[in-house]
Each structure stands twice: as structure tokens, then as C-alpha cells.
Amino acid sequence: MRLNGEISYRNEEEKEDEMGSVLPPPLPQQKLVVGYALTSKKVKSFLQPKLEGLARKKGILFVAIDPSRPLSEQGPFDIVLHKDYGRKHPEVTVLDPPDAIQHLRNRQSMLEGVADLNLSDCHGKVGVPRQVVITKDPSSILDAVTRAGLTLPLVAKPLVVDGSAKSHELSLAYDRFSLSKLDPPLVLQEFVNHGGVLFKVYIVGETIKVVRRFSLPDVNKCNLLNNAGVFRFPRVSCAAASADDADLDPAVAELPPRPLLERLARELHRRLGLRLFNIDMIREHETRDRFYVIDINYFPGYSKMPGYEHIFTDFLLSLVQSKHKRR
């Protein structure tokens, strides 16, 4: 059953012994082996005890892939993230194709799939902020911004997304003269006032889960007149910045319409070829139906998503079930 948006399970296999104590249910026969090649940071955040414990109950075993040994000597795996193994073993489900993942490691190509989407019939409009890419020479930034017709303030983001904390750091440039202080390669996006709230839309296969995060505050004319220079921010959307329980203006806190999110997720899945990603969205302030996608991340921090262990293990099992149906 579902409680407060999370999935709850009651174990029907528990039995009592002669003393009336509850005995744990027998472990199921192992039926799904998932090989993984993750950074130590991702292993720590994703493979938490609550996930591995639930996975074992469902017959799922996570096995680390040893990069020092040929992959063909390891396994066998039912699901794995490895391009060569997927080519030689078509019976294995690969999550996700490395070529598709690479598309999201560059902020220039990351949002291309969103820019030309037409979702006007889905209770809202989705676009991307106007932006320009600077690959070198900070002295050229002002001319590039002028040619692109961008309006200050501008959000500066590293061009390459490599999973490091630095690749998620933001800077906000308030005036033209400070632009040369930025450090290319980077992307400059027009800042869109959005009530200081960001929506993180997690995608796991066909499942969509949305959470609110605090974001950069709105900028008004007074801010522009009284501020100059470049202000640097650490990663904005973090677990400590949850806005789900905050006392927010209902117009700001209202989640994007479900039909819009479903259509957006479906279209991005088709265009990107990915099943594990999240979308960072904002709603333009003082509008109800104008949304912007500002980032797309592959294999995000799912442990910050409520009920992630249930959602993810159900997703893994569904992959095997759908493969059996095709056979």
C-alpha cells in the first residue's frame, strides 16, 4: 500500500514459532544479479543498507565489478552497466548506454532535447533559459553575451559535468564588467526568477517522483543596482535544502502538473535513450504554467528521493519481467 507517497510493504510470509515469537521469512532463491561499476562516493550514497536489505528480500544481489579483471570472467550478470559486455552478451540489460550518458556530461548538448519540445497541450509550457557557451578566453565573454542578447544577471555553470562537486557549483554575475572574471569553459544562462524553489524530477524507468528544493532567491531591480561582481554558490539542490515541509506560498510550492511531467519524461527518455536520470525544473515567478529545465543529471542521488529503495528494486525486477514477456 502507499502512505504519503511512499511505498509500504507488509510481509505475508512471517510465521510464529512454538513460543509465539515471529520468525523471519525464508530468503527467496536468488533470481537477479546486478553488476555495478560505481565510484566509491556513489556506492556510499546509493548502496545503503536499507536498499541492499530490501533487495535481498526480493531476490536481488548487487555485485561490484572488478575493473582489474576481464568482465567476461565475472558474473554472470542479469543487469550491468558496461558497453562491451552488453555487445558480447545481448541477454544482459545494460543501464544505460555509455554513449547516451555522455550526452549529459556536456551542458551545451544536455538541454538540446528540451529546446524544441512542444508540450503546450499538457497543462503547461516547458523551455530552457537562453544561454551561450564560452569555451576559452574570458575577455571574449562580454562580446558573446552581447551578440546573444542575454539579459543580466547570468548564471555561470561549468561546461563539463563530471560528477565532481566543482562541476555543480554556480556563479551569479550581476554586471557586464565582472564577466571577464569567470573561468571558461562554461555555460551562461539567463537567470529566471522562480520564487526560490526548484523541482527535482526523478525518473526511474516509468516511475516519476518530484521533490522541492530551495534554490537561489529572486533578483529584482534593486538587487541589480546595488550588487556588482560575481557571487559564487556551492551546489544549490542538496538534501539539507529540502523545501517539501516549508511554509511556502502555494503559488510557488505547487508541483508541476502530472500530465506535463509524464509527457516530458517520456519524450526525454525517447530522445536521450536513458532510464535513470533527473530533471531540474523551475517555474517562472508569477506564472502558473511556464517552466524551464535548467539541468538534466544521469543517475542522480536517488537516496534523497523518498522511498527510493522500493522504487529502484521494483524497477530492476520489472526489467527482467519485461524481458521474459518479450521472449
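Under an unreviewed UniProt entry, the name given to the protein is Inositol-tetrakisphosphate 1-kinase, and the source organism is Phoenix dactylifera. What UniProt records for the protein under Sequence similarities (unreviewed entry) is the sentence "Belongs to the ITPK1 family." Recorded in UniProt for the protein, the comment headed Function (unreviewed entry) runs: "Kinase that can phosphorylate various inositol polyphosphate such as Ins(3,4,5,6)P4 or Ins(1,3,4)P3."

1. Let's talk about the overall build of the protein
Along the backbone of the protein there are eleven helices and 18 strands. Residue burial in the protein is summarised as follows: out of 327 residues, 45% are buried. Contacts in the protein between residues far apart in sequence, at least 24 positions, make up 69% of those at least 6 positions apart. A total accessible area of about 18,100 Å² is found for the protein, and carbon and sulfur atoms account for 51% of it.

2. Concerning the sheet that holds strand β6 (residues 60-64)
Paired through backbone hydrogen bonds, the strands of a sheet run either parallel or antiparallel to each other. Pairing within the open sheet is parallel, and its four strands lie in the order β6-β5-β7-β8. Since the sheet does not close on itself, it has two edges, and those belong to β6 and β8 (93-94), each with one partner.

3. Describing the UniProt feature "binding site: 1D-myo-inositol 1,3,4-trisphosphate" (unreviewed entry) in the protein
Under the UniProt annotation, "binding site: 1D-myo-inositol 1,3,4-trisphosphate" (unreviewed entry) lies at Lys42, Lys83, His168, Lys200, Asn297 and Gly301. One can find histidine 168 in the loop between β11 (154-158) and β12 (170-173). For histidine 168, a relative accessible area of 12% gives the class buried. Tracing the backbone through its elements, the reader meets asparagine 297 in strand β18 (residues 290-298). The contact partners of asparagine 297, leaving out residues within four places of it in the chain, are Leu104, His168, Lys200, Leu276, Phe277, Asn278 and Asp280.

4. Describing the pairing of strand β13 (residues 186-190)
Most of β13 sits out of view: five of its five residues are buried. Judged by which residues are buried, β13 turns out to be covered on both faces: Leu186, Leu188 and Glu190 on one side and Val187 and Gln189 on the other are all buried. With four bridges joining them, strand β10 (residues 131-134) and β13 adopt antiparallel strand pairing. Across the sheet, the residue bridging to valine 133 is valine 187, located in β13. In this sheet, β13 lies alongside β11 in antiparallel orientation, the contact comprising five bridges. Residue valine 155 lies in a different strand from β13, and its bridge partner there is glutamine 189.

Calculation notes
Think of each chain on its own: its residues are numbered from 1, step by step along the sequence as written. This being a predicted model, a pLDDT of at least 70 is required before a residue's local features are given, and a value of 80 or more before pairs of side-chain atoms are given or counted; all residues contribute to the totals for chains, interfaces and linings. Only hydrogens and water are removed before side-chain values are computed, so all heavy atoms of the structure are retained for them. UniProt positions are given in the numbering used here, feature names are shortened, and annotations may be inferred rather than shown by experiment. A run of DSSP states H or I qualifies as a helix once it reaches four residues; a run of E qualifies as a strand once it reaches two. Both are numbered from the N-terminal end. Accessible area is worked out with a 1.4 Å probe on protein chains only. A residue is then buried under 20% of its type maximum, exposed over 50%, and partly exposed in between. It only takes one pair of heavy atoms within 4.5 Å for two residues to be counted as in contact. Only the protein chains shown count as covering a residue, and every accessible area follows the Shrake-Rupley method with a 1.4 Å probe. The rule for pairing is simple: two strands pair if DSSP sees at least two bridges between them.

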